[in-house]
Amino acid sequence: MTPAAGSSQPTPEKPIPTQPTPHAADTPRSRHPTVGKGAGWGTLPAMDDAATPRVLIVGGGYAGVMAARAAHRHGADPVVLDADGAHELRCRYAAVAAGRDDIADATAPLADLVDVEVRTARVVAVEADHDRVVDAAGARHPYDALVLTTGASAAAPPVPGLAEHGHDVHDAAGATALRAALSEAAGLVVAGGGPTGVQVAGEAAAAQPGLAVTLVEPLERLLPGMPPALARRAGALLAARGIDVRLGRALAAVEPRAARLDDGTRVPGILAWAGGFAAQPSVLPGAPRRDGRLVVDAALRVPGRPRVLAAGDVAAVVDARGGTRAMSAQVAVAAGAAAGVNAARIARGLAPRPAALRELGRVVDLGGGRGVAQVGPLALAAPPLDRLAPLLHEAIDLRHLWRSGGLGALRRHRRGATVGRSAARQAANGEPRPASYPG
Ligand SMILES: Cc1cc2nc3c(=O)[nH]c(=O)nc-3n(C[C@H](O)[C@H](O)[C@H](O)COP(=O)(O)OP(=O)(O)OC[C@H]3O[C@@H](n4cnc5c(N)ncnc54)[C@H](O)[C@@H]3O)c2cc1C
């Protein structure tokens, strides 16, 4: 059985050498570019390169940037390998799809955000026996400890027509494609009444009042996993915007401009799929999984691979009741930080510590300046408290940027957003985009 987070001190499964392993790989071991003058990470003395253990982090999302920061603070040399070199604030994608937020506000080049080495590389395999990973170009990257934070993608159930005609909001391409499709659609059908689905429906109805929005959820309630009072309030807010909420109904088929439900009804509109996410653990085949996510012990290590840790959506972190933590940015941030500390400890020959993850609550921004939130014992749902959730949502994002890279990251992100917006304007005018900004 997987030990619960917060249980007793784990014992390393095999002796961990007190010195970092030598790096005999094809990728050169480069210096941390800005040790000693980080943007908000505190000033650490520059370390002797030969003595600085290498922590590799695969994935530069919420968990990855926090792992990098923590590993750096705990005496390691972190290197982030990310498939596209961008940090995505996925929590903003519902607002991007609805047309409220600019895509430039939801993505930032990782190199502008974190003060560690970033390599744009898609990792295809972990060679745990050799303490290295292999990327899609065949290059090998050695590590003293590895943190996998490869996240999740939209699940693809075998619903006829979904792959061909459905949209999702899991990545920048999906959110911008839905945004473009919505600009000429008369209706939107959102499949899935969890946090992502209610956000997409709420944001779309708030941003485009003429749009006919239908939200379909197979269970008899919205927001499963959140307190029923919040779910009722979210339902009332959506209904007040004219959203047709259909509980106890599942998606049966998708057509180019309509969805068919399991009761045979045909609902006009383009389809946004928010019915589930699938973790992306494929770089570590054969590792034990729970609900498709990598099983981790109390110190966030993958069983049988004492130098490999996992955090964020890809990891099945067990909670105090034996269930698994939600796929959420909040869990990813906390687990990423804990994994970064433990990776640095393992790389330095120290035993890792159990990860104590604090969850303060849940926030669902429904657009239009309203939402629902649970903060500790407090439910922020009844008016006028429902106005606090969007403010909290924004504050959490800004805090994340601050913790990822300090004031410099906040400033660079805002500058990046400005560059991105002017780039979008330039693109609309047929002018070339700046080479440094993604998308
Ligand atoms: C529309 C939407 C709204 C959401 N709203 C909220 C919210 O309000 N609150 C909340 O708490 N959560 C929210 N979430 C969930 C939250 O975004 C995720 O839980 C969070 O992104 C998980 O972080 P992560 O670091 O594990 O993974 P991700 O953020 O998905 O990052 C994974 C990174 O790994 C990279 N990667 C993947 N595979 C490889 C590979 N093989 N090699 C190299 N790099 C790789 C990817 O490019 C990506 O950069 C929302 C999600 C969506 C889609």
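All values derive from a computational prediction rather than experimental measurement. (Residues numbered from 1 in each chain as written. Predicted model: local features only at pLDDT ≥ 70, side-chain atom pairs only at ≥ 80, totals over all residues.)

1. What about helix 1 (residues 62-73)?
Item 1. Under the 1.5 Å per step criterion, the end-to-end length of helix 1 is 17 Å for 12 residues, consistent within 8% with the ideal 16 Å.
Item 2. Taking burial as the measure, the 12 residues of helix 1 include 11 buried ones, the bulk of the element.
Item 3. Among the residues of helix 1, those classed as buried are Tyr62, Ala63, Gly64, Val65, Met66, Ala67, Ala68, Arg69, Ala70, Ala71 and His72.
Item 4. Just downstream of helix 1, Gly75 is the residue with a positive phi angle, here 85°. (Helix = DSSP H or I, 4+ residues; strand = E, 2+ residues; numbered from the N terminus. Expected span 1.5 Å × (residues − 1). Buried ≥ 20, exposed ≤ 12 C-beta atoms within 10 Å, placed from the backbone.)

2. A look at the pairing of strand 23 (residues 305-310)
Item 1. Among the six residues in strand 23, six count as buried, and that is most of the element.
Item 2. One ladder, built from three bridges, connects strand 9 (residues 145-148) with strand 23; its direction is parallel. Its bridge partner lying in strand 23, Leu146 is registered against Val308.
Item 3. Where strand 22 (residues 301-302) lies against strand 23, two bridges are found, and the strand directions are antiparallel. Each bridged residue has a counterpart across the sheet, and for Arg301 the counterpart in strand 23 is Leu309.
Item 4. Counted between consecutive antiparallel strands, the loop separating strand 22 from strand 23 contains two residues, among which Gly304 sits at a positive phi close to 85°. (Pairing = 2+ DSSP bridges.)

3. A look at the nonpolar core
Item 1. Ranked by size, the top nonpolar core spans 70 residues in total, and within it Val55, Ala67, Leu300, Leu309, Ala311, Ala335 and Ala343 carry the most contacts.
Item 2. Those residues in contact with Ala343 that lie beyond four places of it in its chain are Val55, Ala67, Ala71, Ala76, Ala145, Val147 and Leu309.
Item 3. Grouped together as the second largest cluster of nonpolar side chains are 54 residues, Val169, Ile243, Ala272 and Val372 included. (Core = buried A, V, L, I, M, F, W, Y, C linked by C-beta atoms within 7 Å. Contact = placed C-beta atoms within 7 Å.)

4. Regarding the packing of helix 6 (residues 195-207) against helix 7 (residues 228-240)
Two quantities define a packed helix pair, namely the angle between the helix axes and the distance between the axes.
Item 1. Viewed as axis vectors pointing N to C, helix 6 and helix 7 meet at an angle of 25°, and their least axial separation amounts to 10 Å. What the angle tells us is that helix 6 and helix 7 run roughly parallel. Viewed along their axes, helix 6 and helix 7 form a crossing whose handedness is left-handed. Touching Val198, Ala201 and Gly202 of helix 6 are Ala234, Leu237 and Leu238, all from helix 7.
Item 2. A class-by-class count of the residues in the contact of helix 6 with helix 7 yields five nonpolar, one polar and no charged. (Axes fitted to C-alpha atoms, helices over the stretch in contact; angles between N-to-C directions. Parallel < 35°, antiparallel > 145°, perpendicular 65-115°, else oblique. Left-handed = near helix turned anticlockwise from the far one by under 90°. Nonpolar A, V, L, I, M, F, W, Y, C, P; charged D, E, K, R; others polar.)

5. A few points about the confidence of the model for the protein
Item 1. Mean pLDDT over the protein works out to 84, with 82% of the residues at or above the 70 mark.
Item 2. Counting contacts from residues 1-49, a segment whose pLDDT is below 50, to residues more than four positions away or on other chains yields 94 contacts.
Item 3. In the predicted structure, residues 418-439 sits below a pLDDT of 50 and forms 25 contacts with residues beyond four places in sequence or in another chain. (pLDDT = per-residue confidence, 0-100.)

6. Focus on the sheet that holds strand 16 (residues 258-261)
Item 1. Reading across the sheet, the three strands line up as 15-16-17 and stay open at both edges, with antiparallel pairing between neighbours. A single partner strand is all that each edge strand has here, and the edge strands are strand 15 (251-255) and strand 17 (266-268). Between one strand axis and the next, the sheet turns through 25° on average, direction left out of account.
Item 2. Pairing of strand 16 with strand 17 involves three bridges; the strand directions are antiparallel. Paired with Ala259 across the two strands is Val267, which belongs to strand 17.

7. Observations regarding the site of the ligand
Item 1. In the neighbourhood of the ligand, 37 residues make up the surrounding shell, with Gly59, Gly61, Arg90, Gly151 and Gly312 lying closest.
Item 2. Elements with a contribution of two residues or more to the shell around the ligand: helix 1, strand 2 (77-82), helix 2 (93-98), helix 6 and helix 8 (329-347).
Item 3. Three or more residues apiece are contributed to the shell around the ligand by two domains, here domain 1 (49-83 + 121-153 + 278-347) and domain 2 (156-275). (Near = placed C-beta within 6 Å. Domains from an automatic or database assignment.)

8. Points about the environment of Gly367
Item 1. Counting through the fold element by element, Gly367 comes out in the loop between strand 25 (361-365) and strand 26 (371-375).
Item 2. Given 24 C-beta atoms within 10 Å, Gly367 falls into the buried group.
Item 3. Linking Gly367 and Val200, residues 167 residues apart in sequence, is a C-alpha distance of 8.7 Å.
Item 4. Residues contacting Gly367, with those up to four places away along its chain left out, are Ala95, Ala98, Arg100, Gly202, Glu203, Ala206 and Ala207.

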